[in-house]
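# Tertiary structure, described
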Amino acid sequence: MTMDPAHGTIGGNDTDQRDVQNNNFAENSQPHQEPRRVNNDPRARQQKGNQVRRDRRDVHGWVVLDKPIGMTSTQAVAVLKRLFNAKRAGHAGTLDPLASGGLPIALGEATKTVPFVMDGRKRYRFTVCWGEERDTDDIEGRVTATSDQRPSREAILALLPRFTGVIEQVPPRYSAIKVQGERAYDLARDGEVVELAPRPVEIHHLTLVDQPDSDRAVFEAECGKGTYVRALARDMGRILGTYGHICALRRTLVGPFGENDMIPLDQLEALCDRAASGEGSLADALLPVETALDDIPALAVTRADAARLHRGQAVLLRGRDAPTCSGTVYVTVAGRLLALAEVGNGEIIPKRVFNLTGLTASPGRNERN
């Protein structure tokens, strides 16, 4: 067995927990079969009225959708699941309907790696409109306070250090945080007064990018898990002696996924159309499952050791060439992802085993821009 160094990439919220928690080391997989044309195989469809439903298939990998404004994260997952005719899908980091940009969507076995993306850094480019505070802290909400004051560039720049590092932040009332078992946004929509406790979040970088006019300022922020950009706009507005809310928001980084990985929905739909006519492959839109694991070490094992790990059995580390690392690794055999495992006490202990039978990323997608 040999040890590969970790890839030097920084490693993002909601997903289907049934997918994330699936940890069956002895899953029975069937050989992948390309779906037959629905018109020629009645067993491959169920008809209801004029709608045709194809049997779902195994698809494994990541698609980083450049989500358009107006679409919810849940809707985006449903669209991709339909386009790929995939059995399982989930996203790694909710993006508001108002926002555009990177929404990583995990298909199939990639759902087991969602937590690694969720825990990674995120980068946003956002515009704050001064002079109004809204109940949702963005442009879609009801105006709750106004001010004629407008901050100067100097005042904004002087404020930024107060919002850099670990800070206490009160989440927006319209958020998915649960209050006594209910989502905060559901309570707020019902007219209830929602008081959320402040919590620590980390903002790595916050810069003023542009100030088109006195009413608007454009920022870029790189932050950790749980940070609300809407709350950032609200709090800056209050301290600056005016009010503020988000009027434009774009996410440019989620964990290891940046703008070079994003694919617009219209391009993805066009690729699916070409694939349906035999002129391309949906595999070209997929990033490998292990892309989400870029910042943890990779450990290559022999086929004999791989067989034990696939059965959920630990493997002893023997010989002078045995790796000296400890902690979480992802295990490969013959260049193929096998498992997530813990290394310690002289052995490899499998935690999640991958069964990648079905449609996976094209070989060229392993080398990213």
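Scroll up to find the structure this text is about.
Each chain carries its own residue numbering, running from 1 in the written order of its sequence. pLDDT decides what is reported in this predicted model: residues at 70 or higher carry local features, side-chain atom pairs at 80 or more are listed and counted, and totals for whole chains, interfaces and linings draw on all residues regardless. With hydrogens and water stripped out, all remaining heavy atoms of the structure feed into the side-chain values.

## A look at the overall build of the protein
A helix here means a DSSP run of H or I that spans at least four residues, while a strand means a run of E at least two residues long, and both kinds are numbered starting from the N terminus. In terms of regular secondary structure, the protein is built from 8 helices and 22 strands. Buried positions account for 48% of the 369 residues belonging to the protein. When the accessible surface of the protein is totalled, it reaches about 18,500 Å², and 45% of it is carbon and sulfur. The rule is simple: take the accessible area with a 1.4 Å probe, protein chains only, and divide by the maximum for that residue type; under 20% is buried, over 50% is exposed, in between is partly exposed. Areas reported here follow the Shrake-Rupley algorithm with a probe of radius 1.4 Å; residue values treat only the protein chains shown as occluding.

## Observations regarding the pairing of strand E15 (residues 244–254)
In terms of residue burial, E15 counts as a mostly covered element, since 9 of its 11 residues are buried. The pairing criterion is simple: DSSP has to find at least two bridges between the two strands. Inspection of the sheet shows strand E6 (residues 100–107) paired to E15 by 2 bridges, in the parallel sense. Looking across to E15, one finds that Ser-100 is bridged to Arg-250. When strand E7 (residues 122–130) meets E15, the two strands line up antiparallel, connected through 9 bridges. Bridged to Arg-123 within E15 is Leu-253. Where E15 and strand E16 (residues 257–258) come together, 2 bridges link them in antiparallel fashion. Considered in E16, the bridge of Val-254 is made with Phe-257. The hairpin turn running from E15 into E16, its antiparallel successor, is 2 residues long, and Gly-255 in that turn takes a positive phi close to 55°.

## A closer look at the state of the cysteines
The criterion for a disulfide is a pair of cysteine sulfur atoms lying within 2.5 Å. Per the counting criterion, the structure on display carries 1 disulfide. The disulfide partner of Cys-129 is Cys-247, and the S-S distance across this bridge is 2.3 Å. With the S-S bond torsion at 90°, the cross-link from Cys-129 to Cys-247 turns out right-handed. Taken together, the residues Cys-129 in strand E7 and Cys-247 in strand E15 connect sequence positions 118 residues apart. Accessibility classification places Cys-129 together with Cys-247 in one group, the buried group.

## Quick word on the nonpolar core
What makes a nonpolar core is a set of buried Ala, Val, Leu, Ile, Met, Phe, Trp, Tyr and Cys residues whose side-chain atoms join them at distances within 4.5 Å. If you look at the biggest cluster of nonpolar residues, it comprises 53 residues, and the most contacted ones within it are Phe-84, Leu-107, Phe-126, Leu-206, Phe-219 and Met-236. Per-element accounting of this core gives the leading share, 6 residues, to helix H2 (residues 73–84). When neighbours within four sequence positions are excluded, Leu-206 is seen to be in contact with Phe-126, Leu-160, Phe-163, Thr-164, Phe-219, Glu-220, Ala-221, Leu-232 and Met-236. The contact criterion used is simple: two residues touch if any of their non-hydrogen atoms lie within 4.5 Å.

## Quick word on the packing of H2 against helix H7 (residues 265–276)
Where H2 meets H7, the axes come as close as 10 Å, and the angle between the chain directions of the two elements is 15°. Taken together, the axis directions place H2 and H7 in an arrangement best described as roughly parallel. As H2 runs across H7, the sense of the crossing is left-handed. Between H2 and H7, the residues in contact are Val-79, Leu-80, Leu-83 and Phe-84 and Leu-265, Leu-268, Glu-269 and Cys-272, respectively. The nonpolar class holds Ala, Val, Leu, Ile, Met, Phe, Trp, Tyr, Cys and Pro. Asp, Glu, Lys and Arg form the charged class, and all remaining residues, Gly among them, are polar. Broken down by class, the residue content of the contact of H2 with H7 amounts to 7 nonpolar, no polar and 1 charged. Inter-axis angles, ranging from 0 to 180 degrees, are taken between N-to-C directions of lines fitted to C-alpha atoms, where helices are fitted over the stretch in contact. Should an angle lie under 35 degrees it is considered roughly parallel, over 145 roughly antiparallel, and from 65 to 115 roughly perpendicular; all remaining angles are considered oblique. By definition, turning the near helix anticlockwise from the far helix through less than a right angle yields a left-handed crossing, and turning it clockwise yields a right-handed one.

## Re the pairing of strand E22 (residues 347–353)
In terms of strand pairing, strand E19 (residues 315–316) meets E22 through 2 bridges, oriented antiparallel. Looking across to E22, one finds that Leu-316 is bridged to Glu-347. Where strand E21 (residues 336–344) lies against E22, 6 bridges are found, and the strand directions are antiparallel. Looking across to E22, one finds that Val-343 is bridged to Ile-348.

## Observations regarding the pattern of salt bridges
For salt bridges, the criterion is a side-chain nitrogen of Lys or Arg within 4 Å of an Asp or Glu carboxyl oxygen. Overall, the coordinates contain 16 salt bridges when judged by the stated rule. The shortest N-O distance in the salt bridge between Asp-58 and Lys-87 comes to 3.5 Å. With a gap of 29 residues between them, Asp-58 in the loop between strand E3 (51–54) and strand E4 (61–67) and Lys-87 in the loop between H2 and strand E5 (89–91) connect regions that are remote in the sequence. The partner of Arg-121 in a salt bridge is Glu-222, and the shortest N-O contact between them spans 2.9 Å. Of this pair, Arg-121 sits in the loop between helix H3 (114–118) and E7 while Glu-222 sits in strand E14 (residues 216–223), placing them 101 residues apart in sequence.

## Quick word on the packing of aromatic side chains
Within 6.5 Å between ring centres, the rings of Phe, Tyr and Trp (the latter by its six-membered ring) count as paired, and their orientation is classed by plane angle as stacked under 30 degrees, edge-to-face over 60, tilted in between. For the coordinates displayed, the defined rule picks out 3 aromatic pairs. Centroid distance Phe-126 to Phe-219: 5.5 Å. Interplanar angle 20°. Geometry classified as stacked. Residue Phe-126 is located in strand E7, and its partner Phe-219 is located in strand E14; the two are separated by 93 residues in the primary sequence. A single burial state applies to Phe-126 and to Phe-219, both of which are buried. Look at Trp-130 and Phe-219: their rings are 6.5 Å apart centre to centre, the planes differ by 90°, and that puts the pair in the edge-to-face class.

## Looking at the side chain of Thr-136
For Thr-136, the position within the fold is in the loop between strand E8 (132–134) and strand E9 (143–146). The class of Thr-136 is buried, set by a relative accessible area of 11%. At 2.6 Å, the side chain of Thr-136 forms a polar contact with the side chain of Asp-138. Apart from the residues within four sequence positions on either side, Thr-136 is in contact with Gly-141, Tyr-174 and Arg-230. We call two N or O atoms a polar contact when they sit within 3.5 Å, provided that within protein one can donate a hydrogen and the other can accept it, with sequence-adjacent residues counted only if both atoms are side-chain atoms.

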